[in-house]
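Structural overview
The primary structure of each chain is shown beneath.
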Amino acid sequence: MPARVKVEMAMDLQDARIIHNRVLGPGYYKMELECIPSLAGAVPGQFVMILIRDVEGVFWRRPFSVAGLVLEDGKACGIELIYKVVGRATAAMSAMAPGQRVSLLGPLGRGFEVPDESDPLFLAAGGIGIAPLIFLARHLGAGNYPGRIIFFLGGRSKSDLLCLKELEKLNLELHLSTDDGSAGLAGPLTEPLAEAVARDPDGMICACGPPGMLKAVGRIAASCGCRCQVAVETLMACGMGACQGCVLEQAGRQGAYLKVCRDGPVFDASRIIIPG
Ligand code: FES
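This structure is a prediction, so every number in the text was calculated from the model and none was measured.

Rules of the game
- Residues numbered from 1 in each chain as written.
- Predicted model: local features only at pLDDT ≥ 70, side-chain atom pairs only at ≥ 80, totals over all residues.
- Heavy atoms only, no water.
- Salt bridge = Lys/Arg side-chain N within 4 Å of Asp/Glu carboxyl O.
- Helix = DSSP H or I, 4+ residues; strand = E, 2+ residues; numbered from the N terminus.
- Buried < 20%, exposed > 50% of the residue type's maximum accessible area, 1.4 Å probe, protein only.
- Pairing = 2+ DSSP bridges.
- Axes fitted to C-alpha atoms, helices over the stretch in contact; angles between N-to-C directions.
- Phe/Tyr/Trp six-rings, centres within 6.5 Å; stacked < 30°, edge-to-face > 60°.
- Parallel < 35°, antiparallel > 145°, perpendicular 65-115°, else oblique.
- Left-handed = near helix turned anticlockwise from the far one by under 90°.
- Contact = heavy atoms within 4.5 Å.
- Nonpolar A, V, L, I, M, F, W, Y, C, P; charged D, E, K, R; others polar.
- Arc of directions from axis to C-beta.
- Expected span 1.5 Å × (residues − 1).

**Comments concerning the pattern of salt bridges**
Applying the stated rule across the entire model yields nine salt bridges. The closest approach of N and O atoms between Glu80 and Lys30, which form a salt bridge, is 3.5 Å. Highlighted residues: Glu80 in strand S5 (residues 75-84) and Lys30 in strand S2 (residues 28-34), separated in sequence by 50 residues. For the pair Glu80 and Lys30, a shared accessibility class is recorded, and that class is buried. Asp119 is the partner of Arg148 in a salt bridge, and the nearest nitrogen-oxygen pair spans 3.3 Å. Placement of the pair is Arg148 in the loop between helix H3 (130-142) and strand S8 (149-155) and Asp119 in the loop between strand S6 (101-108) and strand S7 (121-126), with a sequence separation of 29 residues.

In structure tokens form, the structure reads like this:
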């Protein structure tokens, strides 16, 4: 079965019912939402815009990477989100119970495109950047990806390393890093990633995480001539290309911009000036 992750552009607006909303770690949650079929067809790297109604000071939808599909009898009937409480909207989300509903627009944007011949495939996730990459790892594993998958997971501390148990069950090589050394190597994940990419530059990197990490990943890829796609996380207002609120400068084209919501959020790292 081909491992290419196709980009789907169909999207819908709906009130989605919460199936589960669980604590994943200190300040981190996983929400499962029941969705209509078009949304449950999301691919890794795509995102949804969510509005939590009736929260004081919350007027806009917020973007969330899709972290997986909810399957029932082998068929997708919903999506998973992994989120961190960082403000009023996510605090309100964390207090929601199964059966309640959120207004949801999606799936939006362009996902990862991984050619079959990418061997090894380096997946690099920093902190909450795990969301699209655990989805990608599962998606590729489910299709019996023909090459090696080497996963680099990093965070400030052990409690920021999410989905560890699930990653350990997948057929991949896992490397952990924490800034404080409480799990795995002490230091940024980009250090072991750089060594691994230097040994195998014919592979491909897929990454998501904070801007500084993505910038460093982009530099590693450029210095080794390794293909690299990055999922950029940024503030968004409309999520559909209308407001110009999410633009990034194109690499090598001064004054030319791309929209994260419509042209991304997954970009070839060589195509953009990665913020941060
Ligand atoms: Fe409005 Fe991207 S969020 S153009």
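**A closer look at the sheet that holds S6**
Taken in spatial order, the six strands of this closed barrel run S1-S2-S5-S4-S3-S6, and their pairing is antiparallel. On average, adjacent strands in this sheet sit at an angle of 45° to one another, irrespective of strand direction. As paired elements, S2 and S5 share seven bridges and run antiparallel to each other. Opposite Lys30, over in S5, you have Ile82 as the bridge partner.

**Concerning unusual backbone geometry**
With omega at -5°, the peptide bond leading from Gly106 into Pro107 counts as cis. Locating Pro107 in the fold gives a position in strand S6. Between Gly264 and the following residue, Pro265, the backbone shows a cis peptide bond with an omega angle of 10°. By secondary structure assignment, the location of Pro265 is in the loop between helix H7 (260-263) and strand S15 (266-268).

**Digging into the packing of aromatic side chains**
For the coordinates displayed, the defined rule picks out two aromatic pairs. Measuring from ring centre to ring centre gives 6.3 Å for Phe64 and Tyr83, while their planes differ by 80°; the resulting arrangement is edge-to-face. One end of the pair, Phe64, is in strand S4 (residues 62-72); the other, Tyr83, is in strand S5, and 19 residues separate them in sequence. The two residues Phe64 and Tyr83 agree in class, both being buried. Here a set of aromatic residues connected by ring pairs shows up, and it is made of Tyr29, Phe64 and Tyr83.

**Thoughts on the packing of helix H5 (residues 190-199) against helix H6 (residues 211-224)**
Contact geometry for H5 and H6: axes closest at 10 Å, N-to-C directions at 15°. Here H5 is positioned roughly parallel relative to H6, judged by the angle of their axes. Note that H5 runs across H6; the crossing there is right-handed. Note on element contacts: H6 touches H5 through Met213, Ala216, Val217, Ile220 and Cys224, opposite Thr190, Leu193, Ala194, Val197 and Ala198. When the residues that make up the contact of H5 with H6 are grouped by side-chain class, the tally is nine nonpolar, one polar and no charged.

**Thoughts on H5**
Within H5, burial applies to Thr190, Pro192, Leu193, Ala196 and Val197. Along the long axis of H5, the arc covered by the buried residues comes to 160°, so they all point the same way. Exposed residues pointing more than 90 degrees away from the buried face of H5 are listed as Glu195, Ala198 and Arg199. Where H5 is buried, its residues touch S7, S8, strand S9 (173-178), strand S10 (185-186), strand S11 (204-208) and H6.

**Things to note about H6**
Between the first and last C-alpha of H6 there are 20 Å, a value that for 14 residues agrees with the 20 Å anticipated at 1.5 Å per step. Those residues of H6 not exposed but buried are Met213, Leu214, Ala216, Val217, Gly218, Ile220 and Ala221. Tucked into the core, H6 has its buried residues touching S7, H5, S11 and strand S12 (227-231). Just past H6, the residue Gly225 takes up positive phi, approximately 70°.

**Considerations on the pairing of strand S1 (residues 12-25)**
Examined bridge by bridge, S1 and S6 share six bridges and lie antiparallel to one another. Following the sheet pairing, Arg17 is matched in S6 by Arg101. Two strands pair when backbone bridges link them, and S1 and S2 are joined in this way by seven bridges, in the antiparallel orientation. Paired with His20 across the strands is Glu32, a residue of S2.

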